[in-house]
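# Fold and contact review
One-letter residues, chain by chain:
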Amino acid sequence: NKSDVDQENEWRLKTGGIAFHTIMEKSKSVTEAVALLDEMAKIDYLIIELKKELEKEIKSAYSNEIVHHILTNSETLTETTIVDDKGKSFRPDKVLIKNDVVQILDFKTGAKKEAHARQLNEYAILFEKLGYKSPKKYLFYTKTEELIAV
């Protein structure tokens, strides 16, 4: 059994992760992202508690040159579902396809796991099957503000 503190921490992490992904899905600039966070904080008490941390993570993501380029490009696809030949669905956070070059970006709001790189590699295989060569794959860890090329 998990203690009440463990359950509260888990809930905070999940809520923060969902909020971060929602904000990054709907925004094209740091100004839009922070404004959306402000709106979310008006209706959710937990977001109020997480607001300072979330704002730091948002600003960190937008300040990374590669992440910023992908997030602010008008051709970037957001949370687009890709279905493989077996009918399994995949949803990378952000995909930029420009001049036949694919860049895949996934945000991670928790601890690093090997499964994250495997997930990006699965996305890349799907794009390779669609005819794109050597997709660029990036993981952005919000807690450590680290961008990793996979």
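What counts, and where the lines are drawn
Residues numbered from 1 in each chain as written. Predicted model: local features only at pLDDT ≥ 70, side-chain atom pairs only at ≥ 80, totals over all residues. Heavy atoms only, no water. Salt bridge = Lys/Arg side-chain N within 4 Å of Asp/Glu carboxyl O. Helix = DSSP H or I, 4+ residues; strand = E, 2+ residues; numbered from the N terminus. Buried < 20%, exposed > 50% of the residue type's maximum accessible area, 1.4 Å probe, protein only.

### So, the pattern of salt bridges
Tallying each qualifying case throughout the model produces 11 salt bridges. Salt-bridge contacts for Glu10 lead to Lys14; the nearest nitrogen and oxygen are separated by 3.5 Å. Of this pair, Glu10 and Lys14 both sit in helix α1 (residues 4–26), 4 residues apart, which is roughly one turn of the helix. Taking relative accessible area as the criterion, Glu10 reaches 30% and is therefore assigned partly exposed. Here Lys51 and Asp38 are joined by a salt bridge, their closest N and O atoms 2.8 Å apart. Of this pair, Lys51 sits in helix α3 (residues 45–63) while Asp38 sits in helix α2 (residues 30–43), placing them 13 residues apart in sequence. Residue Lys51 is classed as partly exposed on the basis of its relative accessible area of 25%. Since its relative accessible area comes to 29%, Asp38 is described here as partly exposed. Taken together, the shared-partner salt bridges in this structure form one network comprising Glu53, Glu57 and Lys143.

Worth remembering: the numbers are spatial, not functional.
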